[in-house]
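# Summary of structural features
Each chain, written out:
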Amino acid sequence: MPAVKFTIREYRPTDLGALYAIDQSCYSLAIAYSLGELRWYLHLPGAACFVAENRKEVSGFILSAHKSAHGHIITIDVLAAHRRSGVGTALLRKSERNLAEAGAREIWLETATNNNAAVAFWQKHGYRTRGRMHHYYPGGLDAFAMSKRLRGSAAQEN
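A brief report on the enclosed structure follows.

## A short note on helix H3 (residues 87-101)
Taking 1.5 Å as the rise per residue, H3 with 15 residues should run 21 Å; its terminal C-alpha atoms sit 21 Å apart, in good agreement. Within the sequence span of H3, burial applies to Val 87, Gly 88, Thr 89, Ala 90, Leu 91, Leu 92, Ser 95, Glu 96 and Leu 99. Once H3 ends, the next one or two residues include Gly 103, with phi positive near 105°.

## Focus: the environment of Val 87
Looking at where Val 87 falls in the secondary structure, it is placed in helix H3. Here Val 87 falls in the buried class, since its relative accessible area comes to 0%. For the pair Val 87 and Ile 73, spaced 14 residues apart in the sequence, the C-alpha separation amounts to 16 Å.

## Quick look at the packing of helix H1 (residues 16-26) against helix H2 (residues 35-42)
Packed helices, taken two at a time, are described by the angle their axes make and the gap between the axes. The interhelical angle for the contact between H1 and H2, taken along N-to-C directions, is 120°, at an axis separation of 10 Å. Judged by the inter-axis angle, H1 sits oblique to H2. Our pair here, H1 against H2, has a crossing hand that is right-handed. Contacts between H1 and H2 pair Leu 16, Leu 19 and Tyr 20 from the former with Leu 35, Leu 38, Arg 39 and Leu 42 from the latter. Residue composition of the contact of H1 with H2, grouped by class: six nonpolar, no polar and one charged.

## Some remarks on the sheet that holds strand E2 (residues 48-54)
What the seven strands build is an open sheet, ordered E1-E2-E3-E4-E5-E7-E6; its pairing is mixed. Each end of this open sheet is capped by a strand with a single partner; those strands are strand E1 (7-10) and strand E6 (128-133). Across the sheet, the axes of successive neighbouring strands diverge by a mean angle of 25°, strand direction being ignored. Across seven bridges, E2 lies against strand E3 (residues 57-67) in antiparallel orientation. Bridge assignment links Glu 53 to a residue of E3, and that residue is Val 58. Contacts between H1 and the sheet are confined to E2, E3 and strand E4 (70-78), with E3 contributing the most and set at about 90° to the helix. H2 rests against E2, E3 and E4 of the sheet, and its axis sits at about 55° to E3.

Calculation rules
Residues numbered from 1 in each chain as written. Predicted model: local features only at pLDDT ≥ 70, side-chain atom pairs only at ≥ 80, totals over all residues. Heavy atoms only, no water. Helix = DSSP H or I, 4+ residues; strand = E, 2+ residues; numbered from the N terminus. Expected span 1.5 Å × (residues − 1). Buried < 20%, exposed > 50% of the residue type's maximum accessible area, 1.4 Å probe, protein only. Axes fitted to C-alpha atoms, helices over the stretch in contact; angles between N-to-C directions. Parallel < 35°, antiparallel > 145°, perpendicular 65-115°, else oblique. Left-handed = near helix turned anticlockwise from the far one by under 90°. Contact = heavy atoms within 4.5 Å. Nonpolar A, V, L, I, M, F, W, Y, C, P; charged D, E, K, R; others polar. Pairing = 2+ DSSP bridges.

Here's what the structure looks like:
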């Protein structure tokens, strides 16, 4: 597979439609965000969104928020055609750097317990399971609560 060339940039309001379409394609209708929910998350205090762009087309995005020492990855979405090409890893690295610069020392996220590819992705990038959240998703699907301490945090230095 040839290397995919993409750039990571900050979200622009004109990206909202593309982000919504990507989220709808990545998740079942019961789990995907509505346009209103996505807009709400984008406007949270401490929210940051980065977009992967390939030839002026959005191929993925990551949305996070932070409050004091805690960051939270709300979602990471990559179009199926661009998965396993480094897009998700590049988005995650950019988001982790951004959260660290904002003062976050630990990042939290949730992922479906039946999404083996996602669990493997997070584990590959240093995230560890903190627990199980029962009936987190519609239809009763459980989620793993996962987290990662960022470099320089007291827990990693000890």
